[in-house]
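Listed here are the chains, written in short residue letters.
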Amino acid sequence: MAMKQTLTTIIAISVVSAAHAAGGSVERGAYLVSIMDCAGCHSGRAPDGAPDPDAYLAGGALGFELPGLGVFWPPNLTPDVETGLGAWSDEEIVDAIRAGMRPDGRTLAPIMPWESYSVLTDSDAADLVAYLRALPPVRRATPPPVPTGGTAGAPYFAVAMPN
Ligand code: HEC
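Along each chain, residue indices are assigned from 1 in the same order as the chain's sequence is written. Totals for whole chains, interfaces and linings use every residue, but because this is a predicted model, local features are given only for residues with pLDDT of at least 70 and side-chain atom pairs only at 80 or more, for both listing and counting. With hydrogens and water stripped out, all remaining heavy atoms of the structure feed into the side-chain values.

Digging into the overall build of the chain
Reasoning step 1: Only DSSP runs of H or I reaching four residues or more are called helices, and only runs of E reaching two or more are called strands; each is numbered from the N terminus. Within the chain, the regular secondary structure consists of 6 helices and 3 strands.
Reasoning step 2: Helices and strands in the chain line up, N terminus first, as α-α-α-β-β-α-α-α-β.
Reasoning step 3: Only protein chains enter the accessibility calculation, which uses a 1.4 Å probe. A residue is then buried if its area is under 20% of the maximum for its type, exposed if over 50%, and partly exposed in between. Looking at the 163 residues of the chain, the share that counts as buried comes to 33%.
Reasoning step 4: For the area figures, the Shrake-Rupley method with a 1.4 Å probe applies, and any residue is considered shielded solely by the protein chains shown. Accessible surface, the chain as shown: approximately 9700 Å² in total, 63% of it carbon and sulfur.

So, the site of the ligand
Reasoning step 1: Residues in contact with the ligand amount to 22 residues; listed here are only the nearest, Cys38, Cys41, His42, Arg102 and Met112.
Reasoning step 2: Contacts to the ligand include His42, whose side-chain N or O atom sits 2.8 Å from a nitrogen atom.
Reasoning step 3: Polar contacts, as used here, are pairs of N or O atoms within 3.5 Å; protein pairs need one atom able to donate a hydrogen and one able to accept it. Residues neighboring in sequence count only if both atoms are side-chain atoms. In the environment of the ligand, an oxygen atom lies 2.8 Å from a nitrogen or oxygen atom belonging to the backbone of Ala109.
Reasoning step 4: Elements with a contribution of two residues or more to the shell around the ligand: α3 (38–42) and α4 (90–99).
Reasoning step 5: With 3 residues, α3 is the single largest residue contributor to the shell around the ligand.
Reasoning step 6: Only Asp, Glu, Lys and Arg are considered charged, only Ala, Val, Leu, Ile, Met, Phe, Trp, Tyr, Cys and Pro nonpolar, and every remaining residue, Gly among them, polar. Across the shell around the ligand, the residue classes break down as 18 nonpolar, 1 polar and 3 charged. Nearness here has a simple test: a residue counts as near a molecule or strand if at least one of its heavy atoms is within 4 Å of that partner.

Regarding the coordination of the iron atom of the ligand
Tetrahedral coordination by four donors puts the ideal angle at the metal at 109.5 degrees, and octahedral coordination by six puts it at 90 or 180 degrees.
Reasoning step 1: For the iron atom of the ligand, every protein donor is listed as His42 (NE2) and Met112 (SD), and the spread of their distances is 2.0 to 2.2 Å.
Reasoning step 2: Coordination at the iron atom of the ligand is octahedral: its 6 donor atoms span angles of 86 to 180° at the metal. Residue His42 is found in helix α3, and its partner Met112 is found in the loop between α4 and α5 (114–117); the two are separated by 70 residues along the sequence.
Reasoning step 3: Judged by relative accessible area, His42 falls into the buried class, the value being 10%. Distances decide who is a donor: an N, O or S atom must be within 2.8 Å of the metal, or within 3.2 Å for Na, K and Ca. Water is not included, so sites may look incomplete. Metal sites are grouped by the angles between bound donors: all angles between 85 and 135 degrees with four donors is tetrahedral, opposite donors over 155 degrees apart with the others between 65 and 115 is square planar for four donors and octahedral for six, and any other pattern is irregular.

The following block contains the structure:
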């Protein structure tokens, strides 16, 4: 029994240090993702609005209309190479979260709260990335943004002005 516990402890410690070796703490990244509500926007949902466990952080079901700017869907953050962040470097992910800068040079719409996230420390950013990298990859594409008045590829939240 004591032997089993010791082994379990050793295994747990090596998993944690492997996560640190990759540059950040997966465990603390999970905590940050939950309090920063990434999943509130970036996760898929069933038609009744219930979170879809197979689409956790794999792209939001609902886009956001920003009047005058367009409609933006929260993309897939899992490590899938084609539809997620699998081909992005750690620096590219951190630049998107803290500066709203995509690798192609486009600035992310401010509904992605990068202006608030700009104060994240390097260590917190590394923990977030470590957690996103540890997610199971899910192949799931969200529509690209469309300009105001364009044809939306999926449902979205719209702003109604009072009469
Ligand atoms: C209020 C909703 C919302 C929250 C909360 C949010 N995001 Fe986003 N995020 C978006 C939207 C919408 C986009 C797409 C914006 C665009 O295309 O201009 C986006 C884009 C991104 C991108 C760029 C992905 C790409 O393919 O272009 C990354 C990376 C990202 N978010 C990570 C995060 C992380 C990590 C968190 C939590 C720390 C988070 N987001 C929280 C809505 C949100």
